[in-house]
Amino acid sequence: MAIIADDLALPPARRFSMWRAIRRNPTVALGGVLLAVLVVMAVFAPLIATNDPFKIAPVNRLRPPSERWWFGTDQFGRDVFSRTVYGARVSLIVGLSVAAISSILGLALGLACGYFRRVDSIVMRIMDGLMAIPSILLAIALITLSRPGLGIVIVAIVIPEVPRIVRVVRAVVLSIRAQPYVESAIAGGTRNWKLLTRHILPNTLAPLIVQSTYVCASAMLTEAGLSFLGAGVPPEVPSWGNIIAQGRTFFQIAPWTIMIPGTFLAVTVLAVNLLGDGLRDRLDPRLARRL
Amino acid sequence: MTAYIVRRLFATLPVMAVVALFVFFLLRFAPGDPAAIIAGEDATTEAIEAVRAKLGLDRPMVEQFFVWVTQLLRGDLGVSIFSNLPVTRLISQRLEPTVALTLSTLFVAVAMAIPIGVLAAWKVRKWVDRVVMGFAVLGFAMPVFVLAYILIYFFAVQWQMLPVQGYQPIKEGLWPFVESLILPSLALGITYMALIARTTRASMLEVLSQDYIRTANSKGLATGRVLLLHALKNAAVPIITVIGIGIALLISGVVITETVFNIPGLGRLTVDAVLKRDYPVVQGLILVFAGAKVLVNLVIDISYAFLDPRIRY
Amino acid sequence: MTGTPGAILEVRDLHTQFSTLDGVVRAVDGVSFDVARGETLGIVGESGCGKSVTAMSILRLIPPETGRIASGSIKFEGEELTTLSEEEMKRLRGHRISMIFQEPMTSLNPVLTVGTQIAENVVRHLGVSWKAGRERAFEMLDLVRIADARRRLDEYPHQLSGGMRQRVMIAMALSCDPQVLIADEPTTALDVTIQAQILDLMIELKEKTGTAIVLITHDLGVVAETTERVVVMYAGRKVEQAPVEALFEEPLHPYTRGLMGAIPRLDVEADAAGTRPRLQEIPGLVPILTQPIVGCAFAPRCGFATDRCRSERPPLVDAGAGHLVACWEIDRVRRAA
């Protein structure tokens, strides 16, 4: 298909009808809107927050939600609303950077595997091994050996996610290379580089984007899980996982310290997943049918 | 059949070898000085050197490797830095709660997900189906610990129907044991359930459009028999596959669930080890969990042969 | 119309419709026929003429999400089937009316043994034990002449050839001694030699058991060899009905004539140039069933068509000796013969 696309003039730009897009796929629209709200919240956190998220005020500890503290306060008297708003930053940074880094690594390794037999057998063995380790444990092992920080958390989540991307990319490369038109292009002396940029990369893109959306969602969950366990970002950073972890002790008298960031986390992951499902239906109908 | 199982068993060896090599090299090639990190922020040089000696990191790499491999082959996972107890003993002491939690979750999830997946496929595009699919989408987004606290809040705190947390070993009586596992299993199982239900529905839909289902209907068989025998047996392979894939989800979730519910199992051991940076214990746990996962996949592979007579060994 | 005496199955003015994105498809548009006890009735037509839908309607196996019997009556032994509850219908299917399908390769369940698939029918409808059901399955396999039947009981469909699978389908369909067997293109997917064997087997079993057969096919050769009476369908309507000899002697509907012309004729001598007359095809296409058809459905493809054919639907008239035909121009057609 890509071979034809090069020669065809682009179709006249269709007027984008927002309403039609929403009506055809309301859940994707919902995901998009939710995600947009969260991004705005993360970017403009200092403007949106009603209080200093780091300010400790023991006098005000464990206050229920009210006009002054919209989502109440935690056991140090910190404003849960402001901390939750800042928490969106951590989740989005982790989600997006893990998705981006593991996509790039996965793409490179997947292409190498699809191209070179010898690389393939070695890399895929390693990937199988990595996939056998539950992702949170793999991340934990890395974190045990490092000083706490956002960077190491991202690295620790990237490693278990890479094999998933490698598998997807490799499968696409192998299937494209077996296509008659690509075989004939190879026989006709098309350069490797041209083959890659013309035929393989464009076809890898759709499944890669879809997969990286799911990686983004899964990374957000893993980060929150790690922070919750005390093995994530340093405890003073207001990430949703940290807020929840710190609320544990007083959960029975101050359930808002857990429920509210928990809801934000669930809604964010939901939004990313909805977007992923929509992209999948749009870009990768074969995968959509299998699910 | 036996030959097939043995062959599959051997095929898992390279995977386990990669896992083992990974944990070995992770410690040796970690950025910074692992011994210093493990020893802690304010450790003295002597303390750091003591940790280094304990981990064997002061010896040549090749020697370390051979010592480590021979230990591993003997089933020796090393010694905890803190308690000085053998890692194998620490693990076996904590095994029961984790096995109980995993099995009960597996049971709850499969027992609930397959019927609702079948129901959704049977009533496709009706409201039941929409509810099930909506639940599945939510299930994928729900973090284990958030759901856990929601469940605790309502069932344990508000309505006081079930214990807030803790674990009762089976020897303390069947009901306390079961009672202590209900909420953890539900919390841990939700994503797993969503995954299985969605796969069941998709696989059933595919099967229900087949000619042999039309034949079964033309024989006037009861709906139950058509759905649960004729259709479900054909739909089983993808469902079983996803049950296997989901075990990974379950194992990751165990660590969190045991923390929320204060269950003294392997998950709790993992978290304690991480917080104390007890690398030998973490390493042993990774090997055990990865081994469990590989073993489950092996069982799944073998079960295909029983489900589909067309599969040959 | 009153039922033919001795009719076991009476279909009256059946309308079956499907809703699709393009509109309502009138797959069966007012079809009536009877099946007498123990007879073999052929239903012939091109694919898409509604013959399979008619069969599925009789068993009420039209998927409710997309299609429904819009009106009409189907009486089996005097009992109205269209108003029967689903439970009562299920007790009928596979027991008193059973069906075999075109694709023997895919119509048997791949993960259940042949024995189970036959026995479950018997257990379900005759209320016997599984042991007795299995015994019956063995008898049936033996009856359809599957060698080594005892061993075959425990085999799976993929271990059998296409012909054997169709024999298993027949064994299954006849296992409860049904009064009517509907066979939807039972031999189309099989090799020619196997086709003949299967048809012979069906006729032989019919003689033995007294089961009436409704044989649905597009193959006039099959009809000529096996059936006693024939219904010709076109675009969801019955256009002609006759005893098989009468139909082949003098087909009255231009469509039937067209179908017969489409059979390669080996008896016609090659002409001087050495070429046989080419296989005749009926020009034109089957009408689109989403639009209401005015007049005779075949008119656009018919050489005899007049303005009246295009505007008024021809009624079925008796041309003598039970030969019914729906055509305004019978006399011209007759003269053209």
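(A) Structural detail: the nonpolar core. Counting 175 residues, the largest nonpolar core has A:L226, A:F228, B:F145 and B:V260 as the members making the most contacts within it. Examining the composition of this core, we find that 16 residues originate from one element, helix α12 (residues 223–261) of chain B, more than from any other. A:L226 has contacts with A:I136, A:A139, A:I140, A:I143, A:V153, A:I157, A:A231 and A:G232, leaving out every residue within four places of it along the chain. Of all hydrophobic cores here, the second largest spans 92 residues; its members include C:V31, C:L61, C:Y255 and C:M260.

(B) Highlighting the interface of chain A and chain B. Contact with chain A, which involves 46 residues of that partner, is made by 49 residues of chain B. Note on chain A versus chain B: buried area summed over both sides is about 4,000 Å², and carbon and sulfur give 78% of it. Remark: the boundary between chain A and chain B carries zero salt bridges. Where chain A touches chain B, the interface holds five residue pairs in polar contact (both at pLDDT 80 or more). For the side of chain A that touches chain B, the elements supplying multiple residues, two or more each, are α6 (117–132), α7 (135–144), α10 (192–229) and α12 (256–283) of chain A.

(C) Structural view of the interface of chain B and chain C. Taken together, the 21 residues of chain B in the interface contact 27 residues of chain C. The largest per-residue losses of area from chain B upon contact with chain C belong to B:R214, B:S218 and B:K219, which jointly make up 27% of the total buried on that side. Between chain B and chain C we count three salt bridges in total. C:E103 serves as the salt-bridge partner of B:R214, at 3.2 Å between the closest nitrogen and oxygen. At the boundary of chain B with chain C, the tally comes to 15 residue pairs in polar contact (both at pLDDT 80 or more). For the side of chain B that touches chain C, the secondary structure elements donating two or more residues are α11 (211–218) and α12 of chain B. Considered class by class, the residues forming the side of chain B that touches chain C number six nonpolar, seven polar and eight charged.

(D) Layout of the environment of B:R52. Residues and elements named next belong to chain B. On the secondary structure map, R52 appears in helix α4 (residues 45–55). The spacing of R52 and G220 is 168 residues in sequence and 74 Å in space, taken between C-alpha atoms. Non-local contacts of R52, meaning those with residues more than four positions away in its chain, are made with D33, A35, L57 and D58.

(E) A look at the pattern of salt bridges. This structure, assessed with the given rule, holds 37 salt bridges over all chains. B:R52 is paired through a salt bridge with B:E49; the nearest N and O atoms lie 3.3 Å apart. With a gap of three residues between them, B:R52 and B:E49 both fall in helix α4, about one helical turn apart. In this structure, the salt-bridge partner of C:R301 is C:E46, at a minimum N-O distance of 3.4 Å. Here C:R301, found in the loop between α11 (254–261) and α12 (307–311), pairs with C:E46, found in the loop between β3 (40–44) and α1 (51–58); they are 255 residues apart in sequence, far enough to count as distant.

(F) View of the pairing of strand β10 (residues 237–243) of chain C. Residue and element names in this part refer to chain C. β10 sits mainly inside the fold: six of its seven residues count as buried. With two bridges joining them, β10 and strand β12 (residues 324–326) adopt antiparallel strand pairing. Opposite Q241, over in β12, you have L324 as the bridge partner.

(G) Expanded view of empty space enclosed by the protein. Throughout the structure, instances matching the rule amount to five cavities of 30 Å³ or more. Computed from the structure, the largest cavity encloses a volume of approximately 80 Å³. Lining the largest cavity are 13 residues; nearest its centre among them are C:P254, C:C296, C:C302, C:C309 and C:C327. The residue inventory of the lining of the largest cavity, partitioned by class, reads 11 nonpolar, one polar and one charged. Taken as a whole, the second largest cavity spans an internal volume of roughly 50 Å³. As for the second largest cavity, its lining consists of B:T215, B:S218, B:K219, C:G94, C:S98, C:M99, C:N121, C:M169, C:M172 and C:A173. Listed by contribution, the elements that provide at least two residues to the lining of the second largest cavity are α11 of chain B together with β6 (97–100) and α7 (162–174) of chain C. Residues of the lining of the second largest cavity, tallied by class, amount to four nonpolar, five polar and one charged.

(H) Expanded view of the layout of surface pockets. If you add up the space inside the second largest pocket, you get close to 1,300 Å³. Contributing to the lining of the second largest pocket are 31 residues, with B:N217, C:I62, C:P63, C:P64 and C:E65 lying nearest its centre. For the lining of the second largest pocket, the secondary-structure elements that each account for two or more residues are α7 (95–122), α10 (174–208), α11 and α12 of chain B together with α1 and α2 (86–92) of chain C. With four residues, the top contributor of residues to the lining of the second largest pocket is α11(B). Residue composition of the lining of the second largest pocket, grouped by class: 16 nonpolar, five polar and 10 charged.

Conventions adopted
Residues numbered from 1 in each chain as written. Chains lettered and ligands numbered in written order. Predicted model: local features only at pLDDT ≥ 70, side-chain atom pairs only at ≥ 80, totals over all residues. Heavy atoms only, no water. Core = buried A, V, L, I, M, F, W, Y, C linked by side-chain atoms within 4.5 Å. Buried < 20%, exposed > 50% of the residue type's maximum accessible area, 1.4 Å probe, protein only. Helix = DSSP H or I, 4+ residues; strand = E, 2+ residues; numbered from the N terminus. Contact = heavy atoms within 4.5 Å. Buried area = accessible area lost by both parts, 1.4 Å probe. Salt bridge = Lys/Arg side-chain N within 4 Å of Asp/Glu carboxyl O. Polar contact = N/O pair within 3.5 Å; in protein donor to acceptor, adjacent residues only side chain to side chain. Nonpolar A, V, L, I, M, F, W, Y, C, P; charged D, E, K, R; others polar. Pairing = 2+ DSSP bridges. 1 Å grid on protein atoms, 1.4 Å probe; cavity = no way out; pocket = protein on both sides within 12 Å on 5 of 7 lines; lining within 4 Å. Points joined across faces, edges and corners; volume = space filled by probe spheres on them.

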